[in-house]
Amino acid sequence: MTYVLNRLLSVILTLFLITLVTFAVTNILPGDVAMMIMGTQSNPEALEGLRQSLGLNEPLIVQYGNWIGGLLTGDWGTSLIFKKPIAELLAQKAVASAIIVVMSMTIALALAVPLGVWAAVHRDKWQDTVSSSASLMGVSLPDFFWGIVMILVFARWLGWFPSSGIVEPSEDFLGALRYAFLPSLALGLGLMAHLTRMTRSTMTGILGQEFIRVARAKGLTERTVIWRYALANAIGPVITIAGLQIGYLFGSIIVMESLFGYTGMGWLTYQALLNRDLPLIQATVFVIAAVVMITNLIVDLLYVLIDPRVKLG
Amino acid sequence: MKRREFLLNSTAVMGGSVLMGGFALPALAQDTPVSGGTLIWGHSETTQNLDMHQTGTASSGRVLQNIHSSIVTVDANLKVIPGLAESFEVAEDGLTYTFKLRPNVKFHNGATMTSADVKYSFERCKDPATGAVNFEVFNNVAAIETPDDLTVVIKMSAVNAPFLSRLAENGAGVIMPVDSGPTQGTNPMGAGPFKFDSYEVGTVVKMSRFDDYWDGPAYLDAVEAREITEPTTRLTGLRTGELHMINDIPLDRVGEIEGDAGLQVKKWFPLNFDFINMNHTFEPFKDKRVRVAFDMIIDKEALMQGALWGQGATTASPSFPTDAAYNKDLVQRPQDIEGAKAMLAEAGYPEGSLNIVFKATTNYPYHIETAQILVEWFKMAGVNLTIEQLTWADWLSQCWVDKDYQMTMMNFFTLWESDFLYYSVWNSKGAFNYRMISDPVIDELTEKARITVDDAARAEVYKAVQKQIFDEAHDILLWFRNGTIGAQPKVMGLDTVVHPNGSNLNFHKVWLSA
Amino acid sequence: MRRFKTTKGLIGIVLLTIIALVAILGPMILPPDAATKMDMLARRSPPTWNHLLGTDQLGRDMLYRVILGARTSLEIAVSAVLMSIVLGLPLGLVSGYFGGWIDNVLMRLVDTLLAFPALLLALTISAVLGPNVQNTIIAIGIAFTPYLARIIRGEALKVAQMPYVEAARASGTTDGMIMLRHVLPNILPAVIVQATISLAFAILAEAGLSFLGLGTQPPAASWGLMIQASRDQLDVAPWTALVPGAAVALTVLGLNMFGDVLRDILDPKSK
């Protein structure tokens, strides 16, 4: 219990640390949003006018204070380039990305776990090599490669899915899933590599244990042994590793969403960074960081629950 | 289906925005426009700011062109013609402009346009607090008077010959309803053929027909501008039929789409001009011989074939090709590596002694291709060129604002008004003179042009400016680049889509055949 | 079974040796302009006798580019992963071994770093320090450190509770010695496994960063740059992606095969 409280406290502390680092980093970035808005039309006077109207000339401490105050009270500011309240933008885009995160994780696990089990059961034989080679394909070529392949195969050639775009889930839930499918599939392939290996090594460890030998001795079919006994125990660590992949996933989402014109958090973050939209950068980076942090917290707690051998505190 | 293709002559320049390209000849019965349908347009860039005054980006311009109308505009020959003003007059002394507005022009909110709206719009643009990109167009405006609802009189404090032309540039001359300023960013409103419905950030801008448009209602019921920045995705969308039309076909794919009988291509030129820049505060570039030698290292035609896949035309002048001020006599220097080497040696830079860093932005991938080709040629001439890739934000920050670079390249979109072009870019006090060029001859000429009221004489002055730029090789002009639109066969009226400025798109006369 | 394992390890070693040889000897045998010479008449051409693996959009030979690119890519990837190990290993080791508040504090710091998208990190480094190979290595190295630290910490945590570690502590061995002698060797297999996967990601990271302008500057060749350049021509010239992609895949495969066998040798308990 104290461990949980401890962790919660440190989460809050870390979130605070994150706000500091976010603010510092975004203000170090050279170039400013007024210039991005005006592009090559910009001249010193017009830039100053725009900066003034955007409130960029306040001292840093004041800007930081305003931001933190806003975060806590729910006023997350306005995007300088999109001219919309950030909270509104985030809510919309976060839902969109959530769909992709869940879908891609599901796809990745659905592919990786069977593959990993197969490899573990046939350890060191050709199936093992095929399995690891297959999962490695996902990492050897970058996300955008798989993304474009998906577009070419499923959108252009087969015409089963749309090549780009996005739809509000509240308007059309099935449609929203359709638009999310190809990006999720491409992302899932990238996630597979790690998950397959993890499944394989965890399963291998478990299959060598006492209680498995006992189960086999009792006369249970190999199938039951593997899928009900072994996997049930292996699934824990695999899920925790999956949780740790969330951070990696958010990185890949940035590229993948832009490729598919799927405007979620990743796309928003990218636009913010590219355009030096400070309030938006701060908000998106903070949200992503917070989500990753909280996921790690959940993973850590699960770790404790699942593996009582691990003593902490 | 027959296909016609107009061949582009790379040295001669034809009148107007030259439209060419293969398109399927429609069956004659379908030549009559049909009303109805929603055009789905795959837009290559993200629209950000919808406030016409505040935005400087071409992406917003393309969309807002349909929502706003300007007080005056230009025809294909770049002559200023009536827009929302049905007539206009310039006084003899050039200090008073009188506009007579069209009666019964409706805004999207139902209100009728009066001179008060004109006064409001211009003053908003001029006000530094608005942060308008074109605010300096109104620098010399002393007063805006509205003697009656349909008359606007603008009094200037000094002669500003280009004023009318600058107004015809969309941002400055746009008329907005009184007090609509604060919401223009989220709900743009004007007197254009389409009214704004919604914008889902980064995804789609939806516009629908404004039935009371002063120039007659549009054919299309609505236009959906879907933002698809990834070229492959955009092309795929066109091919699957999800998109009716796309702008900006990647240069290397234009040939492929043209060869596709199931699609049509509209090419126009120029979209913009590109030029190579040398920082005049960097020691070697202070010497004219070095600059000219660098010019001689480059084979512009071959470079264009290499980096643009032939989608453009080389030019020695940045003026709009149909502008009277375009100096046809200037011919680019041909490639002469040996001559360049000799000239460099003479200037004190024998082979192997020059190391130059070329900063190119990844925002324009063909800039990176250009740079890579240049590296090879410069190597042959004994100059060691290295490339540094910069994101757009970094390029703006380092090259444009801080002038921290040695060599770079850039393009400019809609600078076709001679004063704006030559003064801003080449006058030592010009706002866009990021190469730190200080040439007294050019300074004198550009000032003189500003007060030369006679059009023909003014054109001659600008031709002299171009010659000076060329002789001194202040920059190395490369080419005009083609603009491209790809569309499904059923999209009609594409000949009218491109605004004379080469960048904005207007869907007023576009229609979808059955 | 044993024989196959040896075969797998053998294949891995052979693959890696070939790649290493190519990376080292390539620049020595081939003229330096082989990777940048443009054959404008054969732009974007599929494999032909003149150009065995095809050409890219500027007519440069893919075979030469992939050979000469090997050294650059491997240099960057190896350096970055090494850097992440140098930074992450002590972090994770100390954190996992001591546990308690040390673990808490260190992992909070790691979590903060972990929480930031690597893209932001890279963008900042590129903008502030400049886009060159060194800074690319730093960017990737720092971005990978938290992952490594966390995984090592998990392993160290487990090992630290092993009876022989307790025994060593009881017998008065210093913490330092214990970490070095007992914990480190036992977590090494996990480090190796993570390192091999990280190497694959590092090569790809270079690809992802090059659109920010970081990393190898054109016209030089690197697998990452080649992969990035293939993005806009994947549907018309797939070989521009498949050639460097295959190179990465083979390297990663070799590393994994070799790594697996190495781990099995070092840690017979993982049977």
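Residues numbered from 1 in each chain as written. Chains lettered and ligands numbered in written order. Predicted model: local features only at pLDDT ≥ 70, side-chain atom pairs only at ≥ 80, totals over all residues. Heavy atoms only, no water.

Draft legend 1. Quick peek at the overall build of chain B. Assigned secondary structure in chain B consists of 14 helices and 20 strands. Computed over its C-alpha atoms, the radius of gyration of chain B comes to 23 Å, within 12% of the 24 Å expected for a compact globule of 514 residues. Dimensions of chain B, computed from the C-alpha atoms along their principal axes, are close to 70 × 60 × 40 Å. Counting only residues that meet the buried cut, chain B has 63% of its 514 residues in that class. In chain B, 69% of the contacts between residues at least 6 apart in sequence involve partners at least 24 apart. Put simply, chain B shows about 17,500 Å² of open surface, and 51% of that area lies on carbon and sulfur atoms. One way to put it: in chain B the 43 positive side-chain charges average out to a point 2 Å from where the 64 negative ones average out. (Helix = DSSP H or I, 4+ residues; strand = E, 2+ residues; numbered from the N terminus. Rg over C-alpha atoms; globule rule 2.2 N^0.38 Å. Buried < 20%, exposed > 50% of the residue type's maximum accessible area, 1.4 Å probe, protein only. Contact = heavy atoms within 4.5 Å. Areas by Shrake-Rupley, 256 points an atom, 1.4 Å probe, with all protein chains shown as cover. Lys, Arg positive; Asp, Glu negative; His and termini not counted. Charge placed at Lys NZ, Arg CZ, Asp CG, Glu CD.)

Draft legend 2. The overall build of chain A, seen in detail. Check the secondary structure of chain A and you find twelve helices and zero strands. Among the 313 residues that make up chain A, the fraction classed as buried is 59%. Counted over contacts in chain A with a minimum sequence separation of 6, partners at least 24 positions apart contribute 72%.

Draft legend 3. Spotlight on the packing of helix α13 (residues 440–450) of chain B against helix α14 (residues 455–472) of chain B. Residue and element names in this part refer to chain B. Running from N to C, α13 and α14 point in directions that differ by 165°, and their axes come no closer than 9 Å. Comparing the axis directions of α13 and α14 gives the class roughly antiparallel. Between α13 and α14 the crossing geometry is left-handed. Seen from α13, the contacting residues are Val-441, Ile-442, Leu-445, Thr-446, Lys-448 and Ala-449; seen from α14, they are Arg-458, Val-461, Tyr-462, Ala-464, Val-465, Gln-468 and Ile-469. Across the contact of α13 with α14, the residue classes tally to nine nonpolar, two polar and two charged. (Axes fitted to C-alpha atoms, helices over the stretch in contact; angles between N-to-C directions. Parallel < 35°, antiparallel > 145°, perpendicular 65-115°, else oblique. Left-handed = near helix turned anticlockwise from the far one by under 90°. Nonpolar A, V, L, I, M, F, W, Y, C, P; charged D, E, K, R; others polar.)

Draft legend 4. Focus on the pattern of salt bridges. Residues and elements named next belong to chain B. Throughout the structure, instances matching the rule amount to 39 salt bridges over all chains. Notably, a salt bridge pairs Asp-419 with Arg-450, separated by 2.9 Å at the nearest N-O pair. With Asp-419 in helix α12 (residues 418–426) and Arg-450 in helix α13, the pair connects residues that are 31 residues apart, well separated along the chain. Taking relative accessible area as the criterion, Arg-450 reaches 28% and is therefore assigned partly exposed. The closest approach of N and O atoms between Glu-447 and Lys-429, which form a salt bridge, is 3.6 Å. Of the two residues, Glu-447 is situated in helix α13 and Lys-429 in the loop between α12 and α13; the sequence distance between them amounts to 18 residues. (Salt bridge = Lys/Arg side-chain N within 4 Å of Asp/Glu carboxyl O.)

Draft legend 5. Geometry of the environment of Val-25 of chain A. With respect to the secondary-structure elements, Val-25 of chain A resides in helix α1 (residues 2–28). With a relative accessible area of 17%, Val-25 of chain A lands in the buried category. For the pair formed by Val-25 of chain A and Gln-282 of chain A, sequence separation is 257 residues and the distance between their alpha carbons is 9.1 Å. If we ignore the near neighbours within four places in the chain, the residues touching Val-25 of chain A are Leu-120 and Thr-124 of chain C.

Draft legend 6. Focus on the nonpolar core. Counting 313 residues, the largest nonpolar core has Phe-294 and Phe-507 of chain B as its most contacted members. Looking at this core, the element that brings in the most residues is helix α10 (residues 222–260) of chain A, giving 18 residues. The contacts of Phe-294 of chain B, once residues within four sequence positions are left out, are Met-278, Phe-285, Leu-344, Leu-354, Ile-356, Phe-378, Val-383, Met-407 and Ile-476 of chain B. One finds Leu-235, Ile-249, Ile-257 and Val-265 of chain B within the second-largest nonpolar core, a separate group that totals eleven residues. (Core = buried A, V, L, I, M, F, W, Y, C linked by side-chain atoms within 4.5 Å.)

Draft legend 7. Expanded view of the side chain of Asp-277 of chain A. Residues and elements named next belong to chain A. Tracing the chain through its elements places Asp-277 in the loop between α11 (265–275) and α12 (278–306). Judged by relative accessible area, Asp-277 falls into the buried class, the value being 0%. At 3.1 Å, the side chain of Asp-277 forms a polar contact with the backbone nitrogen of Leu-80. In contact with Asp-277, not counting residues within four places along its chain, are Val-33, Ser-79, Leu-80, Ile-81, Phe-82 and Ala-272. (Polar contact = N/O pair within 3.5 Å; in protein donor to acceptor, adjacent residues only side chain to side chain.)

Draft legend 8. Representation of the interface of chain A and chain C within the structure. Contact residues are listed per partner, giving 55 residues for chain A and 53 residues for chain C. Buried surface at the junction of chain A and chain C, summed over both partners, amounts to about 4,900 Å²; 69% is from carbon and sulfur atoms. Taken together, the links from chain A to chain C amount to one salt bridge. In this structure, Arg-156 of chain A and Asp-235 of chain C form a salt bridge, with 3.9 Å as the shortest nitrogen-oxygen distance. (Buried area = accessible area lost by both parts, 1.4 Å probe.)

Draft legend 9. Expanded view of α11 of chain A. All names here are of chain A. Most of α11 is tucked away: ten of the eleven residues are buried. When α11 is considered as a whole, its buried residues turn out to be Met-265, Gly-266, Trp-267, Leu-268, Thr-269, Tyr-270, Gln-271, Ala-272, Leu-273 and Asn-275. Note on α11: the residue one or two positions beyond its end, Arg-276, has a positive phi of about 55°.

Draft legend 10. Region of the structure containing unusual backbone geometry. Omega for the bond connecting Pro-218 of chain C with Pro-219 of chain C falls within 30 degrees of zero, at 0°, which places this linkage in the cis form. Relative to the assigned elements, Pro-219 of chain C resides in the loop between α7 (175–210) and α8 (223–229). A positive phi angle, close to 65°, is found at Asp-179 of chain B, a residue other than glycine. For Asp-179 of chain B, the location among the structural elements is in the loop between α4 (170–173) and β9 (194–200).

Draft legend 11. Local environment of the interface of chain A and chain B. The partner chain B presents 41 residues to the 40 residues of chain A that form the contact. For the interface between chain A and chain B, the tally reads one salt bridge. In this structure, Asp-394 of chain B and Arg-276 of chain A form a salt bridge, with 2.9 Å as the shortest nitrogen-oxygen distance. Between the two partners, chain A and chain B, sit six residue pairs in polar contact (both at pLDDT 80 or more). At the level of secondary structure, the elements contributing two or more residues to the side of chain A that touches chain B comprise α2 (33–38), α3 (44–54), α5 (86–121), α7 (143–157), α10 and α11 of chain A. For the side of chain A that touches chain B, a count of residues per class yields 19 nonpolar, 15 polar and six charged.

Draft legend 12. A look at the pairing of strand β7 (residues 141–148) of chain B. Residues and elements named next belong to chain B. Where β7 lies against strand β8 (residues 151–156), five bridges are found, and the strand directions are antiparallel. Bridge assignment links Ile-144 to a residue of β8, and that residue is Ile-154. Joining the antiparallel neighbours β7 and β8 is a turn of two residues. (Pairing = 2+ DSSP bridges.)

Draft legend 13. Structural view of the sheet that holds β7 of chain B. Residues and elements named next belong to chain B. Taken in spatial order, the four strands make up an open sheet running β5-β6-β8-β7, and their pairing is antiparallel. Two strands lie at the open edges of the sheet, namely β5 (85–90) and β7, each paired on one side alone. Taking the axes of each pair of neighbouring strands and ignoring which way they run, one obtains an average angle of 15° across the sheet. Inspection of the sheet shows strand β6 (residues 96–101) paired to β8 by five bridges, in the antiparallel sense. Each bridged residue has a counterpart across the sheet, and for Phe-99 the counterpart in β8 is Val-152. Helix-sheet contacts for helix α2 (residues 115–126) involve β6, β7 and β8, and the interaxial angle to β7 is about 165°.

Draft legend 14. Fine view of empty space enclosed by the protein. Scanning the entire structure with this criterion turns up ten cavities of 30 Å³ or more. Tyr-248 and Gly-251 of chain A together with Ala-118, Phe-144 and Ala-205 of chain C are the residues nearest the centre of the second largest cavity, which is lined by 50 residues in total. Element by element, the count of residues in the lining of the second largest cavity is highest for α10 of chain A, at ten residues. Residues of the lining of the second largest cavity, tallied by class, amount to 36 nonpolar, eleven polar and three charged. (1 Å grid on protein atoms, 1.4 Å probe; cavity = no way out; pocket = protein on both sides within 12 Å on 5 of 7 lines; lining within 4 Å. Points joined across faces, edges and corners; volume = space filled by probe spheres on them.)

Draft legend 15. How the structure looks around a nonpolar patch on the surface. Together, Leu-21, Ile-24, Leu-25, Met-28 and Ile-29 of chain C make up an exposed nonpolar region whose accessible area comes to about 520 Å². The class of Met-28 of chain C is exposed, set by a relative accessible area of 60%. (Patch = residues over 30% accessible without salt bridge, like charges linked within 9 Å, V, L, I, M, F, W, Y side chains within 5 Å.)

Draft legend 16. A look at the packing of aromatic side chains. Residue and element names in this part refer to chain B. Per the stated rule, a full pass over the model turns up 38 aromatic pairs over all chains. With a centroid separation of 5.5 Å and 80° between ring planes, the pair formed by Phe-285 and Phe-294 is classed as edge-to-face. Accessibility assignment for this pair places Phe-285 and Phe-294 in one class, buried. The aromatic ring of Phe-420 is capped on one face by Arg-166, whose charged end is 3.7 Å from the ring centroid. (Phe/Tyr/Trp six-rings, centres within 6.5 Å; stacked < 30°, edge-to-face > 60°. Lys NZ or Arg CZ within 6 Å of the ring centre and 35° of its normal.)

Draft legend 17. Highlighting the side chain of Glu-257 of chain A. All names here are of chain A. Along the chain, Glu-257 falls in helix α10. With no salt bridge to any partner, buried Glu-257 finds its closest opposite charge in Lys-93, at an N-O distance of 8.8 Å. Residue contacts for Glu-257: discarding those within four places in its chain leaves Ser-97, Ile-100, Tyr-262, Thr-263, Gly-264, Met-265, Gly-266 and Trp-267.

Draft legend 18. Highlighting the environment of Lys-93 of chain A. The topology assignment puts Lys-93 of chain A in helix α5. C-alpha separation for the pair Lys-93 of chain A and Tyr-262 of chain A, spaced 169 residues apart in sequence, amounts to 9.4 Å. Not counting the four nearest positions on each side in its chain, Lys-93 of chain A is found in contact with Thr-263, Gly-264, Met-265 and Leu-268 of chain A together with Val-201 and Thr-203 of chain B. In this structure the side chain of Lys-93 of chain A is engaged in a polar contact, spanning 3.1 Å, whose partner is the backbone oxygen of Val-201 of chain B.

Any functional reading would require information beyond the geometric quantities listed.
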